[in-house]
Structure formats: C-alpha cells, structure tokens
Amino acid sequence: MHDDRDLVEARLKRVLNERIRPALHPDSVPLEVAVWHAPDEPVPVAEGLAATPEPIAVGDAWGAPWGTSWFTVTGTVPERWAGRTVEALLDLGFDEDMPGFQCEGLVYLPDGTPVKGLNPRNQWVRVGAPVKGGERVRLHVEAASNPVILGRHPFQPTRLGDKETAGNDPLYRLTRMDLAVFDETVWQLVMDLEVLGELMHELPVDGARRYEVLRAVNRALDAVDLQDVNGTAAAARAELTGVLSAPAVPSAHRVSAVGHAHIDSAWLWPLRETVRKVARTASNMTALLEDEPDFVFAMSQAQQWAWIKEHRPEVWAKVTKAVASGRFVPAGGMWVESDTNMPGSEAMARQFVHGKRFFIDEFGVDNEEVWLPDTFGFAAGLPQIIKAAGSKRLLTQKISWSQTNTFPHHTFLWEGLDGTRIFTHFPPVDTYNCSMTGGELAHAARNFKDKGVARHSLAPTGWGDGGGGTTREMVAKAARVRDLEGSPAVTWETPAAFFAKAEAEYPHPPVWAGELYLELHRATLTSQAKTKQGNRRSEHLLREAELWAATAAVRAGAPYPYAQLDRIWKTVLLHQFHDILPGSSIAWVHREARRTYELVAEELNAVIDTAQRALAGDASGGTLVFNGAPHARRGVPAGGAARPEAGVRTSAGERDGGGYVLDNGLLRVEVDARGLIVSVHDVAADRETVAPGQVAGLLQLHPDFPNKWDAWDVDEFYRNTGTDLTEADEVSLADGSVRVRRSFGSSSVTQVFTLSGRRLDIDTEVDWHETEKFLKLAFPLDVHADRYASESQYGHVFRATHTNTSWEAAKFEACNHRFVHVEEPGWGVALVNDSTYGHDVTRTAGDAGTTTTVRVSLLRAPRFPDPETDQGVHRFRHALVPGATIGDAVREGYVVNLPERRVPGDAEVAPLVTVDDDAVVVTAVKLADDESGDVIVRFHESRGGRARATLTPGFPVAQVVETDLLERPTAEPRRHDGPVPLTLRPFELVTLRLKRA
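## Remarks on the environment of Gly59
Phase 1 of the analysis: Mapped onto the fold, Gly59 is located in the loop between β3 (54–55) and β4 (61–62).
Phase 2 of the analysis: Classification of Gly59 by relative accessible area gives partly exposed; the value is 34%.
Phase 3 of the analysis: In this structure, the C-alpha to C-alpha distance between Gly59 and Arg173, residues 114 residues apart in sequence, is 5.4 Å.
Phase 4 of the analysis: If sequence neighbours within four positions are ignored, Gly59 has contacts with Arg173 and Leu174.

Rendered as structure tokens:
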C-alpha cells in the first residue's frame, strides 16, 4: 500500500480546525453586555454586583492595566433550543496560547454564587443541559485586565509590571459574548480525533498500530459531511470505536494524573491578584469535580487556601465540600512553595509548621508528601526538615530544566546532609502544566529513567503558573488513554496513591546524596538585593523576638505575643515564595516587599524592645548588652544579657608606600594607596591570608546579559570579560577604620575596613545605577583547598573548587547562608555576610602555590521583569575571618547577623537554656504554639561531627519530651529537674518541649 501518512495527517488537521471544531457550537445568539469599571483596586463581590454598569459592545476596548471590570451579561434562551445543551461563550479578548498570563474572569450568579473561572482555555459557562427554552440568563463576570508581561517576544523590558508606571490605556477588546448550543457529539468527536491524531505521531512508523489508527481516522473523516458535521458526527465516531477500544499492552508505562494548577503566589502579577487567581481556579476545579466523577485535583500552598477562606467565603464553601469528598486534595504541607536555597534553618522549618498545621486544623489532613514542582533547586538540609515535619516524600519537576547535566533518576531516595533519606519523584513528563497530549505522555514513557525496575510516574495536569487548572478536554483525553494500545495507561489519582504504588514497586531505589542543584536560574541568588536583605533580617528579628518574648514571659510574667508572631511568620514565609525571594517578580511585587519588610522590622523591634525592657530592671542602673546569638561573646552569655567585657583595641597608622595599616595584635591588615587590601596577617598563626601578588576586597564589574530569563539567569560567559575597580576617589583613615570611595560608570561605592577581634569587617555601600552589569567582591586567599563549605539549613555542604567534571563546572554560582569556609589542614578562612547568598569559588595555581578565590555577588541590573532592578543605594556587611575553623565560621556568621542590643538596666538576664558545647547551636527558643506556656528549644549539631553536650534549663522543668517540628511528641516524656544530656549525630536536628514546673 502506498504511504499516505502525510496526506491523511494533513487532512485531519485541516478538517478539525476548519470544519469540526467550528461545529461545536452550531447556533448562537448575542448577549447584551454592560460594564462597570472599578475605580482603583478590586472591590468586594457585593459591591461589584451592586454597581450600575454602562452598555458595552463586542469589539469595544476595555481594561486598563491591572484594572477590574464587572461585566453583566443578559439574554434569553431561544425557544427553538428546547432540549439542547446551552452554554454562554464569554471571550474577554483572550489569546488562547497564554492561559494564566493575561486577562481572566470569575463568573457569578446574581446572588453572588461563584460559578467558574474564565481564561483563554476555558471560555464557556454551562447554562442548561437540557434547556426548556425561554429561560432568562443573567451572569456577572469579575474581569481582571492583567497585562501580558512575558509576551511573544519574551524578556523585553516593560513598564507594565507596576501599576504606578503601567498607564491607563485599555489592553483588551471584547471578542465574543453569546449564548450558544453545545453539540456534545461533535465535542466527543473532536476529543477522539485529537487523541488518535496525537497518538499516531508517537507510534513507530514501521508498526502496525500506527496504520490501524491512520486508516480508522481516514474512515472517520470520510464519514463526516463537511456541510453537515453535526448530523454526521455520530457516524464518524463509530468508525473510531475499534481503535479506541484496543487495550494497552501489559508493559505499558503507568501515569498517575493529578489535576493541578501551579499558581505562583506572585510573579508577573502582584500578591493581591494571586488571591483572585486562586479563587478563579478553585471555582473552576470544584465545578469540574461535579461534572467528572473520576477526576482528582490537588492544590498546594496553605497560604492560597487561607486566602480563599479569608477573601472568598463563597468559594471556600465549595472547596471544603469538595475536600470532604476526597477528590480536592490539600497537597504539599508548606505555607507556600518557597525557594529552598535561601530561607534560613528556622524559616524552612516554619514553612512546614504553618503549612501542615493549616491543613490539619482545617481538614484533619496530615500530608506525607511535599509538593514543590517549580522551585529553583533544593538545599541539602531539606530531607531532614521534611522528616522532622512528619513527611516522607517529595515531588518536584524543575531539575529537568538543568542546562548542562541530565539527572540520572526519576524515582530515587534523596539523602540530605545528615543522612536522612526521602523518597523522591521527578515526573518524566517534564512539565508541571501537563495537558494530556499524546506527545507529553509518550515523552513521559520514553524519558522515564527507571524502566525495568519501576513503571509508575506522575503527571501534574492542568494549566498553571498563572492558574486555570485542568480542563474538561484534559479529562476527556485522560479517559481515552486510560487503557489504550500504544499509549501509557492514565489514571486519576491522589499524590498519596501514586507514592504508595511507586514505593511498593521500587523498594530499593537508587540514592542521590547532597543538594539537588539546578543548573539554571543561578542569578536568583542575587537579583533584588533589598528583598533578600529584608528576608535575612526578618528571620533574625523573628529569632530575637521569640527568644526575648519567651524569656520575658518566663522570667517576668510578661504576655507572649502568640498571634502577632504567628501573623508575622506567615508574612515572612509568604515572601519566601520562589519568585519573590529569588527576585524574579515584577516591580510591583518587590516594591511592596520592601515596604512589608520595613513594617515587619518595626513590629519585631517593638516586640524585642518591650521584652528586653521588662527584663532589664532599673533603667537608671547602667547599660546591659543583650546577646541574641547562640554563642557567648565578650562575656555575655548566649541568649542572655550582661555588661560586656572590654574589646581588643586597634591601632591605625600610615603604610610605607601609601595607604594604611590596622593592627589589633590578632590581625595586621594593610590597605594600599588604591584602597585595596594587600595583606591580612594572622598574628597567632604567623600566616598571610591574601594570596601572593593579589589584592582582596576587590570589586569586580562584569557585563551581564544572559541568553534569556534575565532576572533568573547568569550565563557562564559573563566571566569572559570584567573590570577590576582599582581607581579610588578617596582613601582615608577615620575612627580607626580605613574608608575608601570609588566611582564607576553611573555609580559609586564606599567601603569601610574595620578590625573587630579576629575579623576584618568590610562594610560596602553602593549607589547603583548600572544596567545589565554584575558586581562581585573578591578575596583571593592563600589556601590550597579542593573543596569549600557553604552554610545551609542546619549545617553546611561541601562543593568542589575544581571543575573536573561537568557537574562541578556547572556550579559556577552557588548559595550560602551566613558563611563560606575554605581550609587546608590546620588553617582556614571564613567569609561571613549579613545578607548576600550568591557566590563563586575558584582556584588557580602558579609558582607561589594555589590561590583559592572567594567572590560574593553583590548586585545585578537585569531589565526583565523589573526594568529598574536594584537601582539605588544598598548596604552590605561582610567579614573576613583568618584562621577560622568551621565552628568559628558558624559563630562569626551569627555575630554579624545578630548584633548586640544595648538596653538601660541593672538586672543581668540569665539565659532560658544553656548548652555547654558550641558545636550544638540553638536555633529557636520560644513558647509552645499551643499556648501551654511550655518552652520549645530547637538545636542541631553544626560542625558535621558527633557531639556530646548538656542542655541546662534556666528555670524549673517538670518534664522534657522530644517532638517533631509541629511540637508533637516523638518519644515518651522524660522527667527532669536538672541538666539534659545530649548525644547528637552529625548535623542532627532536635526539638525539645520543656514543660515548666
């Protein structure tokens, strides 16, 4: 037989597009339309419904950027349609290729009952099935005219990303507002032909199945009368029954479809718009659940559920009913799908505390699955945190975006830095917006790397990023491939059901140890510096607020601000969402974040001040220093207050050849006439820190124009060119510190070098007005090291300084928390910071030996999605610590991030708890969330070794019990009226509840 594949496939494409799909709605009548434009921000539903609209016609423009328009559509169902299925077709001006990224709507009945959401792939509203004829129809649409930020020519700078700069010109035109007959048979024919057409393209050309499908499709097209599609659709479907009923082969890959709508809590839209996106999507999904008995939908991010409850009670009522049925599934157990690289230890823990507790309190659901499809890599501390929260499984997809290396597994055990292992799955479908196409399903089966030992994978199914969710078309396609020859077998299932099957069939999966590094989006560790500073400072203020409020409650009977701290924690956790903290959102989001962090700081400083004054005693009795760090310093105990011991004095003088010398007997630092550090001498070790012939504290400026994803990416070629900023406008001595001022491009920078004990503090202020540039701060160190340590959650990870393999070479920009540490046997150097995360470490060799260069990333200037990213004044603090061990790095990192607080008073404050080994770091001291008054203490081994220590409560304790992160017992209570012995494994995390006597 002649090969006519191309002919039939082309025929199918044209007939579907030009004849069959247009016959879905064979008869229609226009609706009358009126509109009321809300004058500013969105209004409550009742106000929108009560407003008086003005007439508007199809073809008219509407929708200023970020505006809200309330459309009222009215009409009458024609009598001739009696017995038919009728839908309202409401096209607000959609581009079908951009679901979630443009205008959207939520449809209401006149009484305020939500019906469903409208988006480019979901433009219909069922009116009746069947109708009687003559019914009056009245619907209201709350329409959001969100601008397209990521358009068909992506990454172009735009002022549309902030309401303050977006202008008022209408963005959309009404395209269709009709009542129409819906032909169910034609719609089913479309689904049949789409599924078979997509299947054909994935089947082997030399296989019989492909030709069976091809011939059946050709016969079906023969059966269609192109002038009477509606009258012949049933006959065409009959020609396809045989090929659609052929069962899948026994070895077919098994796909668990989970209805999903990945909704970024902020990204190319502000937080307030996400509140509405969630309501629209949830309305769509509850409606789809009512129509499709096999369908299952999972929604993550407790914050988004809380938004529905708070802002859309009418939608919440439908959601809670659907949850009770078991098919609308709370997923993930986190407050938001946060970044996992940059959040600190306690913040990462609280993501699970607040997320899981919300689902437990509202629905009695305790998730064992962590749902993080779109996060930009995963820190090695996460498995231990997941386990400590009572969960045991992880799903993500993003690692498939890595540009250099292909991850070797899809189902595996992920081992964290402490040895904890978590059952993990990467969906081989390689998207968290699966739409059930034949191409996606075939890719999942071909791509699955665990063939022969496992056969199940998961497919998050539905339009996402900007929401929308699963469509009736996706459900219809899934039904056809439930058991279809040539296709993976698809079943709608909950995440828990999938994981149960996956674990049962694969009892001994491979192990991946260490971080899951995403070889992409590395610049998210630097973009939007003020957002990152706000996060870091909020985390440490929350630590202090809990510590001092708990101390004041126990010591002085002061009230503990439970509700206030709970609210602030949730605010900080929200802003750790994986497009806010990483700096990849529009200008509006980061403008609001800066203001939010300012308010958080005001509140927390007030909580801290109130607690400390309650503890300090007589304000006329001198000055106390409160030490919120987990280590004693200058005689002040960790978590206590006292009068400090005198510090080390620094001498300062001129340097031969120009510049200045700082010396405090511990370090001797030379700054040359250019304002560059040429020597940092460790006096005790008689060891030079700066590599021979090199200078430290060096600012380096690189061009920064990645191939795409401007705010997200820095491509390795940025290193090919750069400028060392060596020219100084001023080098001077002031108050025992060296002050250096430079100017470059349109910007200027001031650095101040100060000795503080064994630290050289470097304070940097940059007035930044560059575009598409990357600013680094470099420290070439005279250290021979093949690896270095970066602080992460509850410990640190090691990364190579070399590039032996493509895996090491790909990590040319990485994340640290408070420190980076490099070491050769017997001597090391730490570089600590107060608010930066991105860095790189390289090594070079020469006649004078190996140089290990640590560079911290200070600022970038991408133009998308915020064209003014990082413009303005920024302040950073770093410190170089020569002769530092890992323990020194941990301690100095806390010192820089938790400065002493001076309070008038005479009553020295004893810590609530003390630990006699500095390797054991206390990360939280607080009162129990259940308001029992019990004291919660969380700590971990911080150096990567074994620790034996004693924890001594500073108050009477009746009982000690080990708990999980949610403060639920994990062991039998122990009676204690004194010190508590501790034995910790490397990086082990422990939470204790101390019941007060």
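## Comments concerning the pattern of salt bridges
Phase 1 of the analysis: Scanning the entire structure with this criterion turns up 88 salt bridges.
Phase 2 of the analysis: Ionic pairing is found between Arg312 and Glu314, a salt bridge with its closest N-O pair at 3.9 Å.
Phase 3 of the analysis: We classify Glu314 as partly exposed; its relative accessible area is 22%.
Phase 4 of the analysis: Its salt-bridge partner being Glu900, residue Arg634 comes within 3.0 Å of it at the nearest N-O pair. Of the two residues, Arg634 sits in the loop between β23 (623–627) and β24 (640–642) while Glu900 sits in the loop between α19 (886–897) and β45 (901–904), which places them 266 residues apart along the sequence.

## Looking at the packing of aromatic side chains
Phase 1 of the analysis: This structure, assessed with the given rule, holds 36 aromatic pairs.
Phase 2 of the analysis: Seen in terms of ring centroids, Phe101 and Trp267 are 5.7 Å apart; in terms of plane orientation they differ by 80°. Their pairing is edge-to-face. Taken as a pair, Phe101 in the loop between β6 (85–91) and β7 (104–108) and Trp267 in the loop between β13 (254–259) and α7 (271–291) lie far apart in primary sequence, 166 residues in all. Here Phe101 and Trp267 have matching classes, each one buried.
Phase 3 of the analysis: Here a set of aromatic residues connected by ring pairs shows up, and it is made of Phe295, Phe297, Trp305, Trp316, Phe328, Trp335, Phe358, Phe359, Phe363 and Trp492.
Phase 4 of the analysis: Lys277 extends its terminal NZ or CZ atom over the ring of Trp269, reaching a point 4.2 Å from the ring centre.
Phase 5 of the analysis: Directly above the aromatic system of Trp401 lies the positively charged group of Lys398, at a separation of 3.3 Å from the ring centroid.

## Here's the deal with the sheet that holds β23
Phase 1 of the analysis: Taken together, three strands build an open sheet; the order of strands is β24-β23-β45 and the sheet is antiparallel. The open sheet has two free edges, formed respectively by β24 and β45, since each of these has just one partner strand. The mean inter-strand angle of the sheet, taken between neighbouring strand axes irrespective of direction, is 30°.
Phase 2 of the analysis: Note that β23 and β45 share four bridges and pair antiparallel. Opposite Leu624, over in β45, you have Val903 as the bridge partner.
Phase 3 of the analysis: Contacts from helix α17 (residues 587–616) reach β23 and β45 within the one sheet, and its direction differs from that of β45 by about 50°.

## What about the environment of Val873?
Phase 1 of the analysis: Tracing the sequence through the fold places Val873 in strand β44 (residues 872–882).
Phase 2 of the analysis: For Val873, a relative accessible area of 33% gives the class partly exposed.
Phase 3 of the analysis: Sequence separation of Val873 and Leu599 is 274 residues, and the distance between their C-alpha atoms is 19 Å.
Phase 4 of the analysis: Once residues lying within four places of it in the same chain are set aside, the contact partners of Val873 are Lys530, Glu765, Val766 and Asp767.

## Quick notes on helix α14 (residues 495–505)
Phase 1 of the analysis: Buried within α14 are the following residues: Pro495, Phe498, Phe499 and Ala502. Down the axis of α14, the buried set is contained in an arc of 95°. They therefore lie on one face.

## Quick word on the side chain of Thr470
Phase 1 of the analysis: Tracing the backbone through its elements, the reader meets Thr470 in the loop between β20 (456–461) and α13 (472–480).
Phase 2 of the analysis: Reaching out from Thr470, the side chain makes a polar contact with the backbone nitrogen of His260 at a distance of 3.5 Å.
Phase 3 of the analysis: For Thr470, the side chain forms a polar contact with the main-chain oxygen of Thr461, separated by 2.7 Å.
Phase 4 of the analysis: When neighbours within four sequence positions are excluded, Thr470 is seen to be in contact with Gly259, His260, Met285, Leu288, Phe295, Phe297, Thr461, Gly462, Trp463, Val475 and Trp492.

## Observations concerning the side chain of Asp579
Phase 1 of the analysis: Take Asp579: it is sitting in the loop between α16 (562–574) and α17.
Phase 2 of the analysis: One buried charged residue, Asp579, remains without a salt bridge, the closest side chain of opposite sign being Lys398 at 7.5 Å.
Phase 3 of the analysis: At 2.6 Å, the side chain of Asp579 and the side chain of Ser584 are in polar contact.
Phase 4 of the analysis: Sequence-distant contacts of Asp579, defined by excluding residues within four places in its chain, comprise Asp264, Ala266, Trp267, Phe376, Ser584, Ser585, His590 and Trp712.

## Digging into the pairing of strand β38 (residues 795–800)
Phase 1 of the analysis: Pairing of strand β37 (residues 787–792) with β38 involves six bridges; the strand directions are antiparallel. When the sheet's bridge partners are listed, Glu791 is paired in β38 with His796.
Phase 2 of the analysis: If you look at the hairpin formed by β37 and β38, you'll find two residues sitting between the two strands, and Tyr794 has a positive phi there, around 55°.

## Observations concerning the nonpolar core
Phase 1 of the analysis: Within the largest apolar cluster, 200 residues are counted, with the highest numbers of intra-cluster contacts made by Val217, Trp305, Phe328, Phe939 and Leu994.
Phase 2 of the analysis: Dropping the residues within four chain positions of it, Trp305 is found in contact with Met299, Ser300, Trp316, Val319, Val323, Phe328, Val329, Pro330, Phe358, Phe359 and Phe363.
Phase 3 of the analysis: If you look at the next biggest cluster of nonpolar residues, it comprises 45 residues, including Val690, Leu699, Phe744 and Val749.

## Considering unusual backbone geometry
Phase 1 of the analysis: In this chain, Ala129 is followed by Pro130 through a cis amide linkage whose omega measures 0°.
Phase 2 of the analysis: Looking at where Pro130 falls in the secondary structure, it is placed in the loop between β9 (124–128) and β10 (136–145).
Phase 3 of the analysis: In this chain, Phe864 is followed by Pro865 through a cis amide linkage whose omega measures 5°.
Phase 4 of the analysis: Tracing the sequence through the fold places Pro865 in the loop between β43 (849–860) and β44.
Phase 5 of the analysis: One non-glycine residue, Trp66, lies in the positive phi region at around 65°.
Phase 6 of the analysis: Tracing the backbone shows Trp66 in the loop between β4 and β5 (67–76).
Phase 7 of the analysis: If you check the backbone angles, Asp686 has positive phi at about 50° while not being a glycine.
Phase 8 of the analysis: Tracing the backbone through its elements, the reader meets Asp686 in the loop between β28 (677–682) and β29 (687–688).

Rules and cut-offs
- Residues numbered from 1 in each chain as written.
- Predicted model: local features only at pLDDT ≥ 70, side-chain atom pairs only at ≥ 80, totals over all residues.
- Heavy atoms only, no water.
- Helix = DSSP H or I, 4+ residues; strand = E, 2+ residues; numbered from the N terminus.
- Buried < 20%, exposed > 50% of the residue type's maximum accessible area, 1.4 Å probe, protein only.
- Contact = heavy atoms within 4.5 Å.
- Salt bridge = Lys/Arg side-chain N within 4 Å of Asp/Glu carboxyl O.
- Phe/Tyr/Trp six-rings, centres within 6.5 Å; stacked < 30°, edge-to-face > 60°.
- Lys NZ or Arg CZ within 6 Å of the ring centre and 35° of its normal.
- Pairing = 2+ DSSP bridges.
- Axes fitted to C-alpha atoms, helices over the stretch in contact; angles between N-to-C directions.
- Arc of directions from axis to C-beta.
- Polar contact = N/O pair within 3.5 Å; in protein donor to acceptor, adjacent residues only side chain to side chain.
- Lys, Arg positive; Asp, Glu negative; His and termini not counted.
- Core = buried A, V, L, I, M, F, W, Y, C linked by side-chain atoms within 4.5 Å.

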